[in-house]
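Close look at the chain arrangement
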Amino acid sequence: MSVRTESSAQHRAGFACFVGRPNAGKSTLTNALVGTKVAITSNRPQTTRHTVRGIVHRPDAQLVLVDTPGLHKPRTLLGERLNDVVRTTWAEVDVIGFCLPADQKLGPGDRFIAGELAGIKKTPKIAIVTKTDLVDSKQLAEQLLAVDQLGRELGIEWAEIIPVSAVGDQQVQLVADLLVPMLPESPPLYPEGDLTDEPEQVMVAELIREAALEGVRDELPHSIAVVVEEMLPREDRPADKPLLDIHANVYIERPSQKGIIIGPKGKRLKEVGVKSRKHIEALLGTPVFLDLHVKVAKDWQRDPKQLRKLGF
């Protein structure tokens, strides 16, 4: 007769995803849980395009966070594609966390997503009221009641409703504590050191894109795509002084946008390079030489061929 040890019997591993309208605090919460910057955060809707996964390693469990693009009413082919990705992901995860900011009244965007969630019957759902550091206790109580009511109206049974501030690090670990019991019993799915299973090139592209969006969000919110063409260790470098050459293209939709990204005398693009290089070096743990070029890919968001080329 074999005796199973406590730890192997109880270890859980599985997938959770955070959903919510754009800017509901999904990526910030992912980063707070994982403890490093994996999903890009931005105060502009629709910046997370890839399913970036953050991995939370605990002695008793491994929680793999799937970060889907925000679900929205699609206006372009890219929008429709993103929505398909979202629905497929929801059906495949073990638990869904619906993020609703504490400082904004529930709106049509929240109802639209909640309506879609109501159609996914089997997956357990928890409601996460984010950004609680921005409201007082009365406003928070009202929001928690409103979220409870929204569930009743649509026939969603929330497994939990939990207030959180990822920025103030309030209750963040509690989110993990609540998600873990909803995962299936399983050995770890990823090796201990892994924080994300996104290929490094995609993460590097996201970091460049985030830096490129900074400061020009109002003018070019969604028209920037970044493709890392190659990442190669520089030859002839001593072993203790490696250098990684990264060549990347920043794509925009129209020639008129080129000047905005490059800035007067190339100042803007230089800042993008400096800023993203810092994050990339932190991510990869090695010094980096970053070579950035701005290119025009006409109306890429509406063109299936371009979308494929740019990785969507």
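These notes cover the structure that comes with them. Because the structure is predicted, anything quoted here is derived from the model rather than measured. Each chain carries its own residue numbering, running from 1 in the written order of its sequence. Under the rules for a predicted model, residues below a pLDDT of 70 receive no local features and side-chain atom pairs below 80 are neither given nor counted, while totals for whole chains, interfaces and linings still include all residues. The side-chain values count all of the structure's non-hydrogen atoms but skip hydrogen atoms and water molecules.

Comments concerning the packing of helix H4 (residues 108-118) against helix H5 (residues 137-154)
As a reminder of what qualifies: In this description, a line fitted to the C-alpha atoms serves as the axis of each element, helices being fitted only across the stretch in contact, and the angle between N-to-C directions of two axes falls anywhere from 0 to 180 degrees. Helix and strand definitions follow DSSP, with helices as H or I runs of at least four residues and strands as E runs of at least two, each counted in order from the N terminus. Here roughly perpendicular refers to angles of 65 to 115 degrees, roughly parallel to angles under 35, roughly antiparallel to angles over 145, and oblique to all remaining angles. Crossings are assigned a handedness: left-handed for a near helix turned anticlockwise from the far helix by less than a right angle, right-handed for a clockwise turn. Two residues form a contact once any of their heavy atoms are found within 4.5 Å. Charged means Asp, Glu, Lys or Arg here, nonpolar means Ala, Val, Leu, Ile, Met, Phe, Trp, Tyr, Cys or Pro, and polar covers whatever is left, Gly included.
Taken N-terminus to C-terminus, the directions of H4 and H5 make an angle of 50 degrees; their axes are 10 Å apart at the nearest point. Comparing their axes, H5 and H4 come out oblique. Of the two possible hands of crossing, H4 and H5 adopt the one that is right-handed. Between H4 and H5, the contacting residues are Arg 111, Ala 114, Gly 115 and Ala 118 on the first element and Leu 150, Glu 153 and Leu 154 on the second. Of the residues contributing to the contact of H4 with H5, the split by class is 4 nonpolar, 1 polar and 2 charged.

Quick look at the state of the cysteines
Each disulfide consists of one covalent bond between the sulfur atoms belonging to two cysteines. Formally: Any two cysteine sulfur atoms lying within 2.5 Å of each other are counted as a disulfide.
What the rule picks out here adds up to 0 disulfides. The thiol of Cys 17 is unpaired, and the distance to the nearest cysteine sulfur, on Cys 99, comes to 9.4 Å.

Here we look at the sheet that holds strand E8 (residues 244-252)
Adjacent strands of a sheet pair through backbone hydrogen bonds, lying either parallel or antiparallel. Our working rule: Pairing between strands is defined by DSSP: at least two bridges between them are needed.
Across the sheet, which stays open at both edges, the 3 strands sit in the order E7-E8-E9 with mixed pairing between neighbours. Each edge of the open sheet is held by one strand with a lone partner, namely strand E7 (225-233) and strand E9 (288-296). Pairs of neighbouring strands in the sheet enclose a mean axial angle of 15 degrees, with direction left out of account. Here 8 bridges tie E7 to E8, and the two strands are oriented antiparallel to one another. Residue Ala 225 lies in a different strand from E8, and its bridge partner there is Tyr 251. Relative to the sheet, helix H7 (residues 200-213) contacts E7, E8 and E9, its axis offset from that of E7 by approximately 125 degrees.

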